Amino acid sequence: MNISFASVSENQITGAIVAEFAKEFERYLESEVIVVGGGPSGLMAAKELASSGVKVLLIEKNNYLGGGFWLGGFLMNKLTVRAPAQECLEELGVPLREYTDGLFVADAAHACSKLIAATCDSGARILNMVMLEDVVVHDDAVCGVVVNWTAVSTLPQPVACVDPVSLESHLVIDATGHEAVVLKKLEARKLLETKGEGAMWVDKSEDLVVTRTSELYPGLIVTGMAVSTAFGLPRMGPTFGAMLLSGRRAAEIAIDKLGH
Ligand code: 48F
């Protein structure tokens, strides 16, 4: 088979990347919501927000999205969700099998890639390899993030003198998982206190994570496992229903606050 690709120069390829990135980055210097962390809760929150017409930017420190959603647990490619959260996966078109009454199993790569695709399709913008370094706080409310390229944090000190930049937003969502990175920035300034995650107790943890998903400080909503860290709730292991429903709840809270 003969094939002839469109003729372009090397620098046109570079130019296309630089121009498009710069245009989009400039457009998102201010967003309505910035989601920090692209695991299941952050992706779900960003997808639901963008689907409702909210201008949302998601920042993720890794070069891939999905966080703990790529693998169910124990390095095995299956993940579980408990009813009623299977509905979220059904909406995404993820094949499911009911293992026991109300406990569903899915292929982790399939579920994660569908959620990522749906988030991109929703219109949420995504910045990979961008790491939250700090938050912007004006008049006792969070109103943005301070970020740097993840690569900068891996450089040796003598060559890592790179100042971060700020991005503004009406609301920030902490979806950074167990580490609750955004909350920790406020805690370091004694603006709030986190309790630290409790021991494993799946039957309690999932309901609690969803019901405690909330605005923890003016302008800052917490979702996913960061909720456990904030309130000292038990952890839940490789089941993801609460992550999906907590992300959806975070989006509802944000939409309500924005008055959309
Ligand atoms: O850890 P992660 O998947 O958080 P989650 O959405 O879901 C937790 C579950 O995966 C699982 C569980 C329950 O089922 O116990 O662990 O709460 O995703 C968090 C994402 O945040 C990114 C990180 O790389 C991951 O993709 N992240 C963490 N710190 C930063 C960050 C940071 N400083 N800046 C940007 N992204």
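To keep things clear, this report deals only with the structure shown in the data block. (Residues numbered from 1 in each chain as written. Predicted model: local features only at pLDDT ≥ 70, side-chain atom pairs only at ≥ 80, totals over all residues. Heavy atoms only, no water.)

1. What to know about the sheet that holds strand 4 (residues 97-100)
And then number 1: Pairing is antiparallel in the open sheet, where 3 strands are placed in the order 3-5-4. Whereas interior strands pair on both sides, the edge strands pair on one side only; in this sheet they are strand 3 (78-82) and strand 4. Taken over all neighbouring pairs, the strand axes of this sheet differ in orientation by 40° on average, direction set aside.
And then number 2: The pairing of strand 3 with strand 5 (residues 103-107) spans 5 bridges and is classified as antiparallel. Across the sheet, residue Thr-80 finds its bridge partner in strand 5, namely Val-105.
And then number 3: Of the strands in this sheet, strand 3 and strand 5 are in contact with helix 4 (residues 108-122), which crosses strand 5 at around 80°. (Pairing = 2+ DSSP bridges. Helix = DSSP H or I, 4+ residues; strand = E, 2+ residues; numbered from the N terminus. Axes fitted to C-alpha atoms, helices over the stretch in contact; angles between N-to-C directions. Contact = heavy atoms within 4.5 Å.)

2. Topic: the site of the ligand
And then number 1: Close to the ligand lie 27 residues, the nearest being Ser-41, Glu-60, Gly-68, Met-225 and Thr-239.
And then number 2: For the ligand, an oxygen atom lies 2.7 Å from a polar atom in the side chain of Ser-41.
And then number 3: The side chain of Asn-62 places a nitrogen or oxygen atom 3.2 Å from an oxygen atom of the ligand.
And then number 4: For the ligand, the protein covers 91% of the area, taking 740 Å² as the surface of the free molecule.
And then number 5: Spatially, the ligand is embedded in the largest pocket.
And then number 6: Listed by contribution, the elements that provide at least two residues to the shell around the ligand are helix 2 (40-51), strand 2 (56-60) and strand 7 (130-138).
And then number 7: Looking at which element gives the most residues to the shell around the ligand, the answer is strand 7, with 3 residues.
And then number 8: Among the residues forming the shell around the ligand, the class breakdown is 12 nonpolar, 13 polar and 2 charged. (Near = heavy atom within 4 Å. Polar contact = N/O pair within 3.5 Å; in protein donor to acceptor, adjacent residues only side chain to side chain. Areas by Shrake-Rupley, 256 points an atom, 1.4 Å probe, with all protein chains shown as cover. 1 Å grid on protein atoms, 1.4 Å probe; cavity = no way out; pocket = protein on both sides within 12 Å on 5 of 7 lines; lining within 4 Å. Sits in = over half its atoms within 2 Å of the grid points. Nonpolar A, V, L, I, M, F, W, Y, C, P; charged D, E, K, R; others polar.)

3. Describing the nonpolar core
And then number 1: Among the nonpolar cores identified, the biggest contains 73 residues, and Val-33, Leu-49, Ile-59, Phe-69, Leu-79, Leu-89 and Val-145 are the most heavily contacted of them.
And then number 2: Residue contributions to this core peak at 8 residues, all from helix 9 (residues 241-258).
And then number 3: Contact partners of Val-33, with chain neighbours within four places excluded, come to Leu-49, Val-54, Lys-55, Val-56, Leu-57, Ser-169, Leu-171, Ile-173, Ala-254 and Leu-258. (Core = buried A, V, L, I, M, F, W, Y, C linked by side-chain atoms within 4.5 Å. Buried < 20%, exposed > 50% of the residue type's maximum accessible area, 1.4 Å probe, protein only.)

4. Quick look at the side chain of Gln-86
And then number 1: Among the structural elements, Gln-86 can be located in helix 3 (residues 86-92).
And then number 2: Not counting residues within four places of it along the chain, the set of residues in contact with Gln-86 comprises Val-81, Leu-96 and Phe-104.

5. Some points on the pattern of salt bridges
And then number 1: The final tally for this structure, using the stated rule, is 11 salt bridges.
And then number 2: Close ionic contact of Arg-235 with Glu-197 constitutes a salt bridge, the shortest N to O distance being 4.0 Å. Of this pair, Arg-235 sits in the loop between helix 8 (225-231) and helix 9 while Glu-197 sits in the loop between helix 6 (181-187) and helix 7 (202-212), and the two are 38 residues apart along the sequence.
And then number 3: Residue class for Glu-197 comes out partly exposed when judged on its relative accessible area of 27%.
And then number 4: With a shortest N-O distance of 3.0 Å, Glu-252 and Arg-249 are connected by a salt bridge. Linking Glu-252 with Arg-249, this pair stays in helix 9, spanning 3 residues, or about one helical turn. (Salt bridge = Lys/Arg side-chain N within 4 Å of Asp/Glu carboxyl O.)

6. A few points about the packing of aromatic side chains
And then number 1: The tally for this structure, following the rule as stated, stands at 3 aromatic pairs.
And then number 2: Each ring, one from Phe-21 and one from Trp-149, has its centre 6.2 Å from the other, and the planes form 35°; the classification is tilted. One end of the pair, Phe-21, is in helix 1 (residues 10-27); the other, Trp-149, is in strand 8 (residues 141-149), and 128 residues separate them in sequence.
And then number 3: Classification of Phe-21 by relative accessible area gives partly exposed; the value is 36%.
And then number 4: Its relative accessible area of 47% is what places Trp-149 among the partly exposed residues.
And then number 5: Linked through ring pairs, Phe-21, Phe-25 and Trp-149 together constitute an aromatic cluster.
And then number 6: Positioned over the ring face of Phe-231 is Arg-212, at 4.1 Å from the centre of the ring. (Phe/Tyr/Trp six-rings, centres within 6.5 Å; stacked < 30°, edge-to-face > 60°. Lys NZ or Arg CZ within 6 Å of the ring centre and 35° of its normal.)

None of this, on its own, says anything about what the molecule does.
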